[in-house]
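Letter by letter, the chains look like this.
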Amino acid sequence: MKITIIGSGYVGLVSGICLAKIGHEVVCVDKLADKIFKLELGEIPIFEPNLKELLKEVVDAKRISFSTSLQEAIEACDVVFIAVGTPQGEDGSADLSYVFDAVKQIAQFSKNRKLIITKSTVPAGTGFEIKKLVKKINPNVEFLVASNPEFLREGSAIYDFMNPDRIVIGIEDEKSEEILREIYGYFGQEKIVVSDIITAELIKYAANSFLASKITFINEMANLCEKLGADVKKLAFAIGLDERIGGKFLNVGPGFGGSCFPKDILAILNIAKENGVDLSVIEAAKNSNDKRKVEMAQRAIDVLGGNVEGKKIALLGLAFKGNTDDIRYSPAIVIAKELLKKGAIVNAHDFEAIENSRLELEGFSNITFFEDYLQAILECDLIVIATEWKEYGKIDLEEVKKLTKSRKILDLRNLLDEKKVENAGFEYFYIGGKLV
Ligand code: UGA
């Protein structure tokens, strides 16, 4: 099938490359000429494991191309996916201006029937708005509209796309269903969940809100475990064995971040408010998570006796999670800012997110960025692990011992083994562990 994807950001690019991998002919469009230029050279503008290799494979197979010309790409295709950003507006609602800009151009340039599919996360009801808009701009062409939300995660995007738990398609006519079933037939028809458009749009927000609430739940359980001397790892494992609960997304940490959960939670709260519906569980998860990030910085301060003025803290991890360079709503960034405000000297390390963090933290003078985490640790008073890069879980403690004057580790991702750390002579603080 000939597919055009508008927007070569995270979702658009990964989807485009994976759709080409499963046999479709894809054109990825973006208005940023520089991005398209790089993609044509085989360079990936985001950090995502294995994406570069897969891009090469589909370019060699001549199944993908890149363009800044929306008109040409629209004229040549049967199906258009919209995968542009839907950033947070001032009031927390999703800003749909990029989506509607794309829709206007699709309407303007289409000469024959097109199926327009939204992959961007859009508020329930957007499909209806799109239909109205295309009809108004170009009443002579038949437009089909569908929703196909994406569930891939940064850092494991290809795996998630190629191994979907389900593929949600929101449609309102048989032809759209038939086309979408053909596009995704590779994964097996039984994976496809068909609904109306508004339900599909809402499924995405519900899934992200549920997962964010699940993480918040286990983080609050960790707080209780700490007070009672109970073991949150065991607790999470045991409740997760109940199939009704499930063991995934029960990893405790410094709170969820990223470009999706925080934004989508605000957007669904906004939708609920507009419709006079109380989503108090989601609201509580949001508030608890916001508070948690600041509390994590306080933990570091407590470990150092209540005052970090002039103390050197090695902050391992800046990205909102491992395997990404993304620092949006990252708990690590909140922690860095809090510690710097309190007078600490921060030696920060990340495997991919240093460049982004430099910009975000440029107003602070007492932070230094290190490419090698052993250099960041040198002579520090405390090591804080803030991001779940798996490499931090394999730290050579004997080597670390030679480098630090003080032997304190605050592990906010529970990556290390308590016994090993303590046997190596460190004082170990972790989530759900003993309180300071
Ligand atoms: C999330 C969803 O998981 C995807 O299904 C969805 O497609 C995506 O948002 C989106 O809407 O585009 P993502 O933001 O890439 O994906 O990252 P996650 O792996 O979900 O992690 C989100 C945050 O939760 C991170 O800060 C992570 O460290 C934290 N987390 C995750 C935990 O603290 N504990 C866990 O057990 C899992």
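Residues numbered from 1 in each chain as written. Predicted model: local features only at pLDDT ≥ 70, side-chain atom pairs only at ≥ 80, totals over all residues. Heavy atoms only, no water.

**Q** Explain the environment of N163 to me, using residue names and the numbers behind them.
**A** If you trace the backbone, N163 turns up in the loop between α7 (157-162) and β7 (167-170). When its relative accessible area of 38% is taken as the criterion, N163 is described as partly exposed. Expressed as a C-alpha distance, the spacing of N163 and L152, which sit eleven residues apart in the sequence, is 9.6 Å. (Helix = DSSP H or I, 4+ residues; strand = E, 2+ residues; numbered from the N terminus. Buried < 20%, exposed > 50% of the residue type's maximum accessible area, 1.4 Å probe, protein only.)

**Q** Tell me about the sheet that holds strand β14 (residues 427-430), and name the residues and values.
**A** Here six strands make up an open sheet; going across it, the order is β11-β10-β9-β12-β13-β14 and the pairing parallel. What marks the edges here is a single partner per strand, and that holds for β11 (367-370) and β14. Across this sheet, the average inter-strand angle for adjacent strands is 20°, counted without regard to direction. Taken together, the four bridges between strand β13 (residues 408-411) and β14 define a ladder with parallel strand orientation. Across the sheet, residue K408 finds its bridge partner in β14, namely E427. Along the sheet, helix α12 (residues 280-303) contacts β12 (382-385), β13 and β14; its crossing angle with β13, the most-contacted strand, is approximately 165°. (Pairing = 2+ DSSP bridges. Axes fitted to C-alpha atoms, helices over the stretch in contact; angles between N-to-C directions. Contact = heavy atoms within 4.5 Å.)

**Q** Before we move on, could you go through the site of the ligand and cite the residues and values that matter?
**A** Taken together, 20 residues surround the ligand, and among them F151, L152, E154, K204 and N208 come closest. E154 places a main-chain nitrogen or oxygen 2.8 Å from an oxygen atom of the ligand. One nitrogen or oxygen atom from the main chain of N251 is found 2.8 Å from a nitrogen atom belonging to the ligand. Protein contact buries 93% of the 710 Å² of open area that the ligand shows by itself. Of all the elements in the fold, those that place two or more residues in the shell around the ligand are α9 (197-228) and α11 (261-274). Sorting elements by how many residues they give to the shell around the ligand places α9 first, with three residues. Across the shell around the ligand, the residue classes tally to nine nonpolar, three polar and eight charged. (Near = heavy atom within 4 Å. Polar contact = N/O pair within 3.5 Å; in protein donor to acceptor, adjacent residues only side chain to side chain. Areas by Shrake-Rupley, 256 points an atom, 1.4 Å probe, with all protein chains shown as cover. Nonpolar A, V, L, I, M, F, W, Y, C, P; charged D, E, K, R; others polar.)

**Q** Give me the lowdown on the pairing of strand β10 (residues 345-349), citing residues and values where you can.
**A** In terms of residue burial, β10 counts as a mostly covered element, since four of its five residues are buried. One ladder, built from five bridges, connects strand β9 (residues 312-316) with β10; its direction is parallel. Along β10, the bridge assignment pairs K312 with I345. In this view, the connection linking β9 to its parallel neighbour β10 by way of helix α13 (residues 331-341) has right-handed handedness. The pairing of β10 with β11 spans four bridges and is parallel. Its bridge partner being in β11, V346 is matched across the sheet by I367. Crossover handedness for the path β10 to helix α14 (residues 354-360) to β11: right-handed. (Right-handed = clockwise from strand over helix to strand, strands pointing away.)

**Q** Lay out the environment of L304 in plain terms, naming residues and giving numbers.
**A** Among the structural elements, L304 can be located in the loop between α12 and β9. According to the relative accessible area criterion, L304 is buried, its value standing at 12%. Here the alpha-carbon distance between L304 and D381, two residues 77 residues apart in the chain, equals 7.9 Å. Beyond its immediate stretch of four places on either side in the chain, L304 contacts K311, I313, D381, L382 and K408.

**Q** Mind laying out the packing of aromatic side chains, listing which residues take part and the relevant values?
**A** Here the structure, examined in full by the defined rule, presents eleven aromatic pairs. Residues Y184 and F187 carry aromatic rings whose centres are separated by 6.3 Å and whose planes lie at 35° to one another, so their mutual orientation is tilted. By the burial criterion, Y184 is buried, and F187 matches it. Centre to centre, the rings of F351 and Y373 are 6.1 Å apart; their planes meet at 80°, and the pair counts as edge-to-face. Separated by 22 residues along the polypeptide, F351 in the loop between β10 and α14 and Y373 in helix α15 (residues 373-377) bring together distant segments of the chain. Residue placement shows R166 over the ring face of F151; its charged tip is 3.7 Å from the ring centre. (Phe/Tyr/Trp six-rings, centres within 6.5 Å; stacked < 30°, edge-to-face > 60°. Lys NZ or Arg CZ within 6 Å of the ring centre and 35° of its normal.)

So, to be careful, I would describe these as geometric facts and stop short of saying anything about function.
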